[in-house]
Amino acid sequence: MKAKIQIPQDILTAIDYANTTNGGMSEPVLAVSQDEKGYEIKIKTAGLEPDSFQVDVLNNRLWVYHLLPLFAERPDGMENLKTVRTLGNLFLPNDVNVDKIAAHYEQATRELNISLPYNHPTRNFRRHIDIGLE
């Protein structure tokens, strides 16, 4: 007897919505590189303006996203109905200085560049601790 796969209806609805919103979407191109200053993330995605990108740090993760309107024609009073589309959700290495993360958009290449500099004081840190007597 053949096993029947049961997929919950809410998952099917979400999959259908994600595949059909605004006629479908192209996947972003995300590249991570490392040099002597730190890490660099480049994100290129079709159809987004520079002010559409959002970059947040949540605990030890870097979240890059944009807000997508739910409906092309919105009913009165529902102009702000939007959903989040994640472009990248990356773990931050321990050696990143979270306070110095910076992002800029390059018009020439039409890509978002995020620099994650090293936290030099914690790299190769060494300290001797004396033991006290009580």
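No experiment lies behind these values; they were computed from the predicted model shown. In this convention, every chain numbers its residues from 1, walking through the sequence in written order. Totals for whole chains, interfaces and linings use all residues, but because this is a predicted model, local features are given only for residues with pLDDT of at least 70 and pairs of side-chain atoms are given and counted only at 80 or more. With hydrogens and water excluded, all non-hydrogen atoms of the structure serve as input to the side-chain values.

Engineer: Please explain the environment of Thr 83 as it appears in this structure.
Structural biologist: By secondary structure assignment, the location of Thr 83 is in strand E5 (residues 82-91). As for Thr 83 and Leu 67, which are separated by 16 residues in sequence, their C-alpha atoms are 5.6 Å apart. Secondary structure is summarised from DSSP: a helix means a run of H or I of at least four residues, a strand means a run of E of at least two, and numbering begins at the N terminus for each.

Engineer: Would you take a moment to explain the pattern of salt bridges for this structure?
Structural biologist: Pairing is possible between side chains that carry opposite charge, provided their charged atoms lie close to one another. Whenever Lys or Arg places a side-chain nitrogen within 4 Å of a carboxyl oxygen from Asp or Glu, that contact is recorded as a salt bridge. Counted under the stated rule, the structure contains one salt bridge. For Glu 111, the salt bridge identified is with Lys 42, shortest N-O distance 3.9 Å. In this pair, Glu 111 sits in strand E7 (residues 111-117) while Lys 42 sits in strand E2 (residues 38-44), placing the two residues 69 residues apart along the sequence. Burial here depends on accessible area, computed with a 1.4 Å probe over protein chains only, as a share of the maximum for the residue type. Under 20% is buried, over 50% is exposed, and the range in between is partly exposed. With a relative accessible area of 13%, Glu 111 lands in the buried category.

Engineer: Before we go on, may I ask you to explain the sheet that holds strand E1 (residues 29-34) in this structure?
Structural biologist: At least two bridges found by DSSP between two strands is the condition for calling them paired. The strand order across the open sheet built from four strands is E1-E2-E7-E6, with neighbouring strands paired in antiparallel fashion. In this open sheet, the two strands that pair with only one neighbour each are E1 and strand E6 (102-106). Direction aside, the axes of adjacent strands within the sheet are offset by 20° on average. Convention adopted: a line fitted to C-alpha atoms gives each axis, helices being fitted over their contacting stretch, and angles between N-to-C directions are expressed from 0 to 180 degrees.

Engineer: Mind showing me how you'd approach the nonpolar core here?
Structural biologist: One broad trend across soluble globular proteins is that nonpolar side chains are buried collectively. Core analysis: the biggest nonpolar cluster contains 16 residues, and Leu 62, Val 64, Leu 112, Ile 114 and Leu 116 have the highest contact counts within it. Every element with two or more residues in this core is listed here: E2, strand E4 (61-69) and E7. Those residues in contact with Leu 62, other than ones at most four positions away along the chain, are Ile 41, Val 55, Asp 56, Val 57, Gly 88, Asn 89, Leu 90, Leu 92, Ile 114 and Leu 116. Among buried residues, those of type Ala, Val, Leu, Ile, Met, Phe, Trp, Tyr and Cys that are joined through side-chain atoms within 4.5 Å constitute a nonpolar core. Working rule for contacts: check all heavy atoms of both residues, and any pair within 4.5 Å makes them a contact.

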